[in-house]
Amino acid sequence: MITTPDHSLVLVRAAEADVLADGPTSIITLLADSDVTGGALTANRATLHRGSEGAPPHYHRRASELFFVLDGSLQALAGERVHTLERGDLLIVPPLLPHAFAPTRGEEADLLVVFTPGMDRFDYYRLLERVYRGEADPKEIRETSERFDNHYVDSPAWAHARHAE
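Residues numbered from 1 in each chain as written. Predicted model: local features only at pLDDT ≥ 70, side-chain atom pairs only at ≥ 80, totals over all residues. Heavy atoms only, no water.

Asker: Would you explain the nonpolar core in this entry?
Answerer: Phe67, Leu74, Phe101, Leu111 and Tyr125 are the most contacted members of the largest nonpolar core, which has 29 residues in total. Those elements giving two or more residues to this core turn out to be β4 (26-32), β5 (42-48), β7 (64-78), β9 (90-93), β11 (109-116) and α1 (122-132). For this core, the element with the most residues is α1, which contributes 6 residues. Residue contacts for Phe101: discarding those within four places in its chain leaves Leu48, Glu53, Gly54, Ala55, Glu65, Phe67, Leu74, Gln75, Ala76, Leu111 and Trp158. Counting residues in hydrophobic clusters, the runner-up holds 5 residues, among them Leu77, Ala100, Ala102 and Ala157. (Core = buried A, V, L, I, M, F, W, Y, C linked by side-chain atoms within 4.5 Å. Buried < 20%, exposed > 50% of the residue type's maximum accessible area, 1.4 Å probe, protein only. Helix = DSSP H or I, 4+ residues; strand = E, 2+ residues; numbered from the N terminus. Contact = heavy atoms within 4.5 Å.)

Printed below as a string of structure tokens:
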């Protein structure tokens, strides 16, 4: 990674990015966290294979979350509406709006995910990987909700959409 002292330039080479697995069908490529962008943004790539559960309904208090579909098809909850996003589609979820995402059933989805302003997220993704590997207790995810600004909620609309397919 190349950064300038004032965070005006950040260059992440694909070969140098950390790649994590947070489940058997989900890969997260860590691109730039808030510490290297001067708090401007946090970015990662999410590769969701067929059958991936994606992210359950949640919201963030301090950041908007942007989803850009690089390839495939994505189901995304925003509030109480479920949208299907295709390659090239963009969704921006403002703070406090519950949202969730997963590949459309039978499909894969490759996404660029950006939080703005930036928030320290990479340790959250590392925690998810440790939970997946059995190296951390799943209750740590909820225990760190304030630290990582990730607040889980129930969504009947999401549950219905995921089971209706």
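Still more ground to cover, so stick around.
Asker: What's the story with unusual backbone geometry in this structure? I'm lost.
Answerer: Glycine aside, a negative phi is what most residues show, and trans is what most peptide bonds show. With an omega of -5 degrees, the peptide bond between Thr116 and Pro117 qualifies as cis. Within the element layout of this structure, Pro117 appears in the loop between β11 and α1. Of note, the phi angle at Leu96 is positive, near 75 degrees, even though the residue is not glycine. Mapping Leu96 onto the fold places it in the loop between β9 and β10 (99-103). Although it is not a glycine, Asp149 adopts a positive phi angle of roughly 50 degrees. Take Asp149: it is sitting in the loop between α3 (145-148) and β12 (151-152).

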